[in-house]
Protein chains: 2
Amino acid sequence: MMAKQAPFPHRPARPSIIAGQLTELLKTLQPGERLPGELTLSQQFGVSRNTVRDALAALQHDGAVVRQHGQGTFKAAARVPLHASLNRMLPVPELIRQSGYTPGVQNLILATEPADEDTALALGIEPGQSTRTIEMLYMAGEQPAVQIRYTLSPALLRAVPDWADFTPQEGVLGFIVRHWPGAVSHSSTQISAVLATQEMARPLNVAVGAPLLRFMTLGIGIDGTALYRNVSYQSGEFLDVHILRPV
Amino acid sequence: MMAKQAPFPHRPARPSIIAGQLTELLKTLQPGERLPGELTLSQQFGVSRNTVRDALAALQHDGAVVRQHGQGTFKAAARVPLHASLNRMLPVPELIRQSGYTPGVQNLILATEPADEDTALALGIEPGQSTRTIEMLYMAGEQPAVQIRYTLSPALLRAVPDWADFTPQEGVLGFIVRHWPGAVSHSSTQISAVLATQEMARPLNVAVGAPLLRFMTLGIGIDGTALYRNVSYQSGEFLDVHILRPV
DNA sequence: CAGTGGTCTAGACCACCGA
DNA sequence: CGGTGGTCTAGACCACTGC
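Parameters and conventions
- Each residue is numbered by its place in its chain's sequence as written, counting from 1.
- Think of it this way: whatever chain is written first is A, whatever ligand is written first is 1, and the rest follow in order.
- Local features in this predicted model are restricted to residues of pLDDT 70 or higher, and side-chain atom pairs are both shown and tallied only at a pLDDT of 80 or more, whereas totals for entire chains, interfaces and linings draw on every residue.
- Hydrogens are left out, water is left out, and the side-chain values use all remaining heavy atoms of the structure.
- The criterion used for residue contact is that any of the two residues' heavy atoms lie within 4.5 Å.
- Two parts placed together each lose some accessible area under a 1.4 Å probe, and adding up what both lose gives the buried area.
- By salt bridge we mean one thing: a side-chain nitrogen of Lys or Arg within 4 Å of a carboxyl oxygen of Asp or Glu.
- Between N or O atoms, a polar contact is any pair within 3.5 Å; within protein, one atom must be a potential hydrogen donor and the other a potential acceptor, and residues adjacent in sequence are included only when both atoms are from side chains.
- Only DSSP runs of H or I covering at least 4 residues are called helices, and only runs of E covering at least 2 are called strands; the numbering of each starts at the N terminus.
- Under the convention adopted here, Pro, Cys and the residues Ala, Val, Leu, Ile, Met, Phe, Trp and Tyr are nonpolar, Asp, Glu, Lys and Arg are charged, and Gly plus all remaining residues are polar.
- Should DSSP find at least two bridges between two strands, the strands are taken to pair.
- Working definition: residue near molecule or strand if any one of its non-hydrogen atoms lies within 4 Å of it.
- Each domain's limits were defined by an automated method or a database of domain assignments.
- Classification of residues uses two cut-offs on accessible area relative to the type maximum, computed with a 1.4 Å probe and protein chains only: under 20% is buried, over 50% is exposed, and between them is partly exposed.

1. Side note on the interface of chain B and chain A
Across the boundary between the two partners, chain B contributes 41 residues, which contact 41 residues of chain A. Summing both sides of the interface, chain B and chain A together bury roughly 4,100 Å²; the carbon and sulfur share of this comes to 59%. The largest share of the area that chain B buries against chain A comes from Ile243(B), Arg245(B) and Val247(B), three residues that together contribute 20% of it. Linking chain B to chain A there are 0 salt bridges. One can count 8 residue pairs in polar contact (both at pLDDT 80 or more) joining chain B with chain A. If you list the elements that add at least two residues to the side of chain B that touches chain A, you get β1 (65-68), β7 (184-195), β8 (211-221) and β10 (241-246) of chain B. Counting residues per element, the side of chain B that touches chain A draws most heavily on β7(B), which supplies 12 residues. Considered class by class, the residues forming the side of chain B that touches chain A number 22 nonpolar, 15 polar and 4 charged. Across 5 bridges, strand β10 (residues 241-246) of chain A lies against β7(B) in antiparallel orientation. From the neighbouring strand, His242(A) faces β7(B), where its bridge partner is Gln190(B).

2. So, the protein's contact with DNA strand D
As a matter of local geometry, DNA strand D sits amid 28 residues, with Arg14(A), Asn50(A), Thr51(A), Arg49(B) and His69(B) nearest to it. Arg14(A) is positioned such that a nitrogen or oxygen atom in its backbone is 2.5 Å from a phosphate oxygen of DNA strand D. Ser48(A) has a polar side-chain atom sitting 3.0 Å from a phosphate oxygen of DNA strand D. Of all the elements in the fold, those that place two or more residues in the surface near DNA strand D are α1 (14-27) and α3 (49-61) of chain A together with α3 (49-61), β1 and β2 (72-75) of chain B. The residue inventory of the surface near DNA strand D, partitioned by class, reads 6 nonpolar, 15 polar and 7 charged.

3. Some words on unusual backbone geometry
The bulk of non-glycine residues show a negative phi, and the bulk of peptide bonds are trans. Even without glycine at this site, Asn107(A) takes up a positive phi of about 60 degrees. Within the secondary structure, Asn107(A) sits in strand β4 (residues 103-114). Positive phi values are uncommon outside glycine, yet Asn205(B) reaches one of about 60 degrees. Among the secondary structure elements, Asn205(B) is positioned in the loop between α8 (198-204) and β8.

4. Some details on the domain arrangement of chain A
Entries for chain A in the domain assignment read domain 1 (14-75) and domain 2 (84-242). In this structure, domain 1 of chain A and domain 2 of chain A have C-alpha centres spaced 36 Å apart.

5. Description of the pairing of strand β8 (residues 211-221) of chain A
Residue and element names in this part refer to chain A. In terms of residue burial, β8 counts as a mostly covered element, since 9 of its 11 residues are buried. The pairing of strand β7 (residues 184-195) with β8 spans 11 bridges and is classified as antiparallel. Residue pairing for β8: Val184 is matched across the bridge by Gly221. Examined bridge by bridge, β8 and strand β9 (residues 226-234) share 8 bridges and lie antiparallel to one another. Paired with Leu218 across the strands is Arg229, a residue of β9. Connecting the antiparallel pair β8 and β9 is a turn made up of 4 residues, with Gly224 showing a positive phi of about 90 degrees.

Structural data, given as structure tokens:
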């Protein structure tokens, strides 16, 4: 016991600090090499074993280390390259950045429209209720990467009514998080494949009839209600989208 | 202190037991209704607050409850329906079952082939090394759902040499986990959209040129090496694949 | 057997919320 | 202010591994 806290309040959570330091340590190790034991690490960093374990669990989660019961923790043999990961919600520009491209935007369209039946069902509102739509084309460098169309729920518009200073560069998710921190909980994305129609083909610079990835995402608020829906199309050529998942 | 353990060793981890009991409790609540506080729950279940928190975190993770700092834990307003979720690694038949269909198999082909350059690179082996391939067509009820082709690494074949009692019904992942528990750590899946070629179109019962989802998955072992690779094609019509992800 | 990671506990302090 | 969830600690016991 005697749970003395650190002299300063811990803004960046302790485990993530430790994880950072462990990442540095990992750079000095060969793949397959063993790390010090949890007890040793906890003494070295001056934190409890639980905190070290949290840090190691995070590193294990994204494949940086490998842990085996009676043996130890080892630097992973081959780290899976995580280009654009679907494991966490990320604003689209951030996704493009993680893929190694410079994000850009074209054809931004904002409008206020009544919800059609499909959207209303997804958002849990009445058809015809007024919604804000945002449509844009994200670029990866010079190349069009993602065509995306958001529909914002009335609830979201009530909470964040002023979209005057919205910039596509931070993305819709980024904007919401900045104006209403803690509002978004998670998202549910459905994936499908479609053929490019004329109106998608032009902006995305692909042939009509080319195969496109379609993502239909529902943004869920902390109270469990739908905050927004978006439908995006991409050729997949520029965003190499990955999912990393545990057994 | 005084960390008295339960009278019996805890095979199913305590938090998951608690999570199950909490799920029962949730059924008696209305959406939005508050759960008892963590302290109360920990006393009720006779476990520590940390254990209750682990259970609640799990429920929160799949969207069953919503937690707000100074306020409490609430039953989620609308639970996201999780058909076939890509959040964890699952054998394909299990995925089909979760979508509400009865899984079946057709056209099982096993062969031993030298690795082509592409596969060798993915598996981290030399081109031409001998690999086992498994190719099959999974059915969702009467309808063809997923065409999938596995390539097993030599390392996996050394560890699990006997595939005589492999049944497609349990899936390749299921078979590996049964024969070599703890061997698989996670997987990395890359998603793309393609047009059905003649050879895919026939078994999947779609038109040539129809849009198909293509999943390229690399199975990673606990030591970080690649255990298998698979490429699967599906029309997406029968497997409504979802990803749930946190902010 | 000693050392490792895996699990759980009891308790402390913190930050946040509503009355 | 009291109650809530969020964080971290110190320490116990367990299960697994290799010597």
